[in-house]
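Coordinate analysis (summary)
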Amino acid sequence: MQTAPYVETKIDGRIGRVILNRAEQYNALNREMVRQIAEAFESFDAHDDIRVILIEGTGKAFSSGADIEELAGETPISLELADPFADWDRISRIKKPIIGAVHGFVLGGGFELALSCDLLIAAEGTQFGFPEILIGVMPGAGGTQRLTKRIGRTRALNWLLTGERMQANQALDYGLVNEVVALAELEKAAIALAEKIAAQPPLSVRLIKEAVDKAVDLSTQAGMEHERKNFYLLFSTEDQKEGMSAFKEKRRPEFKGR
């Protein structure tokens, strides 16, 4: 196990786990913490034996949002020079699937981090929201964009303009989370999902994630053309040969990511 000041990482079989470890501050995200998250994600993304990344938080919250004390004295020029969202862009470029196991408060930057995950499992009682408007600002790490694309313009504006909090079951109804479980079952459920995905052929997983991400931004026709190219590409892999051979021979395939 390796421990960084704000982020703990460990490997659990084929799962790379990233644990937010600033519990006394409800895992509020300062720049150093986001940098450490991006580094942990990139390290696991480049690790051949890791197939899925799981992110979770310690204490009473996944993340309560940005560290306001760090932001309060900023100016437009200081923000431009610091480029605080560069590390968020690194997170958006991760190719392996990211599962978020969230509980407690998932607010502001914490909600943006959750929306950067590919799949989400939430504990009962989890609260999601963008309270930035209540302190005179707005989301800046993709919140307005990702929330709108997930739930639509009218619903997104309702939450963004009021700063109100969304309960876990409502987030489930909106399709923002995949499952809501008891807090005591959160880790178990997240690991079970991660293991199920980790058992799949890694190149198929990677190209499916890529194609789905394209579907969000491209026209249907352009997205279908990209999907087709990825479909063809997989026929050059050893895993495709293994998968189809195993199907014909009625045995369990052994995927190697090649």
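Described below are features of the structure shown in this document. Remember, predicted model here, so these are calculated numbers, not experimental data.

Their axes nearest at 9 Å, the elements helix α10 (residues 202-217) and helix α11 (residues 220-234) cross at an angle of 175°. With respect to each other, α10 and α11 are oriented roughly antiparallel. For the pair formed by α10 and α11, the contact residues are Leu203, Ser204, Leu207, Glu210, Ala211 and Lys214 on the first element and His226, Asn230, Leu233 and Leu234 on the second. Its residues assigned to classes, the contact of α10 with α11 comprises five nonpolar, three polar and two charged.

Taken as a whole and judged by the stated rule, the model has five aromatic pairs. Considering the side-chain rings of Phe111 and Phe128, the 5.5 Å spacing of their centres and the 50° angle between planes classify their relative orientation as tilted. Taken together, the residues Phe111 in helix α5 (residues 109-115) and Phe128 in strand β8 (residues 127-129) connect sequence positions 17 residues apart. Between the NZ or CZ atom of Arg22 and the centre of the ring of Tyr6, over which it lies, the distance is 5.2 Å.

Next up on the list: a nonpolar patch on the surface. A grouping of Ile68, Leu71, Leu79, Ile133, Leu134, Ile135, Val137, Leu157 and Leu161 is seen on the molecular surface, where their side chains present a nonpolar patch of about 770 Å² in accessible area. Turning to its location among the elements, Leu71 is positioned in helix α2 (residues 68-71).

Here we take up the nonpolar core. In this structure, Ile37, Phe41, Ile55, Phe128, Leu147 and Leu176 are the most contacted members of the largest nonpolar core, which totals 43 residues. If sequence neighbours within four positions are ignored, Ile55 has contacts with Val18, Leu20, Ile37, Phe41, Phe62, Ile98, Ile99, Gly100, Ala101, Leu113 and Cys117. With 16 residues, the next largest nonpolar core counts Val181, Ile191, Ala194 and Val205 among its residues.

The rules we used
Residues numbered from 1 in each chain as written. Predicted model: local features only at pLDDT ≥ 70, side-chain atom pairs only at ≥ 80, totals over all residues. Heavy atoms only, no water. Axes fitted to C-alpha atoms, helices over the stretch in contact; angles between N-to-C directions. Helix = DSSP H or I, 4+ residues; strand = E, 2+ residues; numbered from the N terminus. Parallel < 35°, antiparallel > 145°, perpendicular 65-115°, else oblique. Contact = heavy atoms within 4.5 Å. Nonpolar A, V, L, I, M, F, W, Y, C, P; charged D, E, K, R; others polar. Phe/Tyr/Trp six-rings, centres within 6.5 Å; stacked < 30°, edge-to-face > 60°. Lys NZ or Arg CZ within 6 Å of the ring centre and 35° of its normal. Patch = residues over 30% accessible without salt bridge, like charges linked within 9 Å, V, L, I, M, F, W, Y side chains within 5 Å. Areas by Shrake-Rupley, 256 points an atom, 1.4 Å probe, with all protein chains shown as cover. Salt bridge = Lys/Arg side-chain N within 4 Å of Asp/Glu carboxyl O. Core = buried A, V, L, I, M, F, W, Y, C linked by side-chain atoms within 4.5 Å. Buried < 20%, exposed > 50% of the residue type's maximum accessible area, 1.4 Å probe, protein only.

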